[in-house]
Amino acid sequence: TQSRSSAASDVYKRQLLLLLIQLSQNMMTSKLLQLSTLQCTVLEVKMTDGFGYTIDVILANGKLHQGDKIVLCGLQGPIVTNIRALLTPQPLKELRVKSQYEQHKTVSAALGLKIAATDLEHAVAGSQLFVVGPNDDIEEIKERAMEEFKNFESAVSKVDKGVHVQASTLGSLEALLNFLTSEQVPVSSFSIGPVRKKDITRASTMLEKAPEYAVLLAFDIKISQEMRLWAEREKVRIFESDIIYQLTEQFQKYISAVRKEVKESAKDAVFPCILRIYPQHIFNKRDPIVVGVKVIDGILKLGTPLCIPSKNELELGSVISIERDKHAVTEAKKGDDVAIKIESKDSAQNLLYGRQFDHQDDLYSKISRESLNALKKYFPEDVSDKETFVLLLKLKKLFGI
C-alpha cells in the first residue's frame, strides 16, 4: 500500500498516520506477546474525589487485581498497601479529566489507569509498582522498590545553605538537579510531587541561615492557591516553570538582584575594632593619614570609619587601604600588625597627627544603631562570635547606643 505525503503542505499526513494505525491493529494484533511479568510505572499522585489520594499508572506488562498487595517507593520509605479500586475513565475520556470512573476487578496490559489505595500520599512519581505474590519475600520487594530512589538520593550533593527543589517525577527531578549543578545553584533539600506545607516549611529554614535561599524551585508542578498563601506567610519565594532553563534563569536573575542589594546595604555594616598606633611607623601625618597599627581587638575591614572617643569622638575618616607585609589585604584580625591609610570625609578638618591626636590615643571603629542593624542582618555568624559580641557591647556603652 502506498500513500504520498508532503511535509511542506501537510497534505495526507493525517491519512498516513491513520493508515499506519490501521495496519498495526489489523495485521499485528495476533503477533503481540503478553508477558506475565509485571511492569507498572507510577505517573502521578493526586487527590481524587471519593477516593482520597490515588496514583495514575501505566501498566505495560502483566495484570493487576483488586485486593492485590502492592509495594511502592515512598518519600518516607517503602509503601505497602492493598488495591481498593482499579479505575479507568469512561470511553472517549482522558484519565486526567474529571469524570465518573469505571471500576474493574482485574485489568491487563497495556493500559493507563488510576489506583485507589491507602497511604499513597507520599508515593514517588516515576517509580515502579510491585505486586507481592504468595511466595514472595516482602522485605526483598521493599528494597527493590526503594533501590532506585536511594541510589539517586545518595548521588545528589546537598549543601547546608541552598534552595529547596520540587519536581513532578523522579526523572524530572534528576534532570533538574543535574542542570542546577551545572549552573552552580546550591540545593539543600528536594522532594517529589505536589507542594505541601512541609516543603515550604523546609525552604523557610533558610531564613535564619541564608535568607536569599529561602526559595522553592517548582518544576512541572501546579501549585495550589492555599500553598501560595502559605509560602507568602512563611516568606518563601516560589519560582515555577515547565522548562528547566527558564526556571533556572528566573532564580539566577533573582539571586543577582539580591546580591546586588546585599552588597549595597552591607556597606552600612561596621565591624567593631580597636587599633593602637605605632609611634615609630608614622608614614604620613596629614590627610590621607598613613600609620602602622596593631589590632588590639575585633576585626578591621576596608571602609571602617575610625574615631577617637577620648578626644570627644574625633572622626578621622575611613580606612581606604590595609597592608600586611607590603601586601594589600581586605581585613586584619586581632593581633595583626598592619599599615592603614585613613581618608577624611571632610578635608576642611585639616587633621594632623601630633596636633589633634597621637600614638597615645587608641582608634575605635565608629559604630551606630544603623551599622549595628546592618551587621546583624548581613553578618549574623560574625555577630554571634563571643569575642565580637563582647566588644560590640563595650562599644555600644562607649558610644551611648
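Residues numbered from 1 in each chain as written. Predicted model: local features only at pLDDT ≥ 70, side-chain atom pairs only at ≥ 80, totals over all residues. Heavy atoms only, no water.

Some details on the sheet that holds strand β12 (residues 215-219)
Pairing between the strands of a sheet comes from backbone hydrogen bonds, and it takes one of two forms, parallel or antiparallel. Heads up, the condition is: Two strands qualify as a pair provided that DSSP identifies no fewer than 2 bridges between them. Helix and strand assignments follow DSSP, with helices taken as H or I runs no shorter than four residues and strands as E runs no shorter than two, numbered in order from the N terminus. Here an axis means a line fitted to C-alpha atoms, over the contact stretch when the element is a helix, while the angle between two N-to-C directions is reported on a 0 to 180 degree scale.
With parallel pairing, the 4 strands of this open sheet are ordered in space as β11-β10-β12-β13. Bordering the open sheet on either side are β11 (187-192) and β13 (237-241), each of which pairs with just one other strand. Strand-to-strand, the axes of this sheet are offset by a mean angle of 20°, without reference to chain direction.

Remarks on the pattern of salt bridges
Inclusion rule: Just to be clear on terms, a salt bridge is a Lys or Arg side-chain nitrogen sitting within 4 Å of an Asp or Glu carboxyl oxygen. Note on exposure labels: buried denotes an accessible area under 20% of the residue type's maximum, exposed denotes more than 50%, and partly exposed covers the range between, all computed with a 1.4 Å probe on protein chains only.
The full count for this structure, using the stated rule, is 13 salt bridges. Two residues, Asp362 and Arg276, come together in a salt bridge whose shortest N-O distance is 2.9 Å. Residue Asp362 is found in the loop between β20 (337-343) and β21 (363-365), and its partner Arg276 is found in strand β14 (residues 273-284); the two are separated by 86 residues along the sequence. You can call Asp362 buried: its relative accessible area is 17%.

Quick notes on the packing of helix α2 (residues 138-155) against helix α3 (residues 170-182)
For clarity, the threshold we go by: Angles are sorted into four bins: roughly parallel if under 35 degrees, roughly antiparallel if over 145, roughly perpendicular if 65 to 115, and oblique for all others. The sense of a crossing depends on the near helix, which, turned anticlockwise from the far helix by less than a right angle, makes the crossing left-handed and, turned clockwise, makes it right-handed. Here a residue-residue contact requires only that any non-hydrogen atoms of the pair lie within 4.5 Å. Gly falls in the polar group here, along with every residue not listed as nonpolar (Ala, Val, Leu, Ile, Met, Phe, Trp, Tyr, Cys, Pro) or charged (Asp, Glu, Lys, Arg).
Orientation of α2 relative to α3, taken along the N-to-C sense of each, is 15°, at an axis distance of 12 Å. Relative to α3, the element α2 is oriented roughly parallel. The crossing of α2 and α3 is left-handed. When α2 is examined against α3, the residues Glu148, Phe149 and Phe152 are found in contact with a partner set consisting of Leu170, Leu173, Glu174 and Leu177. Its residues placed into classes, the contact of α2 with α3 shows 5 nonpolar, no polar and 2 charged.

Regarding the layout of surface pockets
How we decide: For cavity detection a 1 Å grid was placed over the protein atoms alone, and a set of points counts as a cavity when a 1.4 Å probe fits there but cannot get out; an open set counts as a pocket when protein lies on both sides within 12 Å along at least five of seven lines, with lining residues being those that have an atom within 4 Å of a point. Grid points are joined across faces, edges and corners, and a volume is the space filled by probe spheres set on the points.
Put simply, the second largest pocket is a space of about 680 Å³. Forming the walls of the second largest pocket are 24 residues, and the residues nearest its centre are Ala210, Pro211, Glu212, Val258 and Val262. The set of elements that each furnish at least two residues to the lining of the second largest pocket consists of α5 (206-209), α7 (244-265), α8 (369-378) and α9 (380-383). At 5 residues, the largest contribution of residues to the lining of the second largest pocket is made by α7. Residue composition of the lining of the second largest pocket, grouped by class: 12 nonpolar, no polar and 12 charged.

Overview of α3
So the rule is basically this: By this rule, a helix spans an expected 1.5 Å times one less than how many residues it contains. Directions drawn from the helix axis to the C-beta atoms are what define this arc.
In this model, α3 (13 residues) spans 19 Å end to end at C-alpha, consistent with the 18 Å of a helix rising 1.5 Å per residue. All buried positions along α3 are accounted for by Leu170, Ser172, Leu173, Leu176, Leu177 and Leu180. End-on, the buried residues of α3 take up no more than an arc of 155°, which puts them together on one face. A positive phi of about 60° marks Gln184, the residue just after α3.

Re a nonpolar patch on the surface
Filter applied, for reference: Like-charged residues are merged into a patch within 9 Å and nonpolar side chains (Val, Leu, Ile, Met, Phe, Trp, Tyr) within 5 Å, provided each residue has over 30% relative accessible area and no salt bridge. Per-residue and other accessible areas were derived by the Shrake-Rupley procedure at a 1.4 Å probe size, with only the shown protein chains allowed to occlude residues.
A surface patch of nonpolar side chains, amounting to about 290 Å² of accessible area, comprises Leu23, Met27 and Met28. Of note, Met27 is situated in helix α1 (residues 13-28). Given a relative accessible area of 54%, Met27 falls into the exposed group.

Nothing here speaks to function; it is all geometry.
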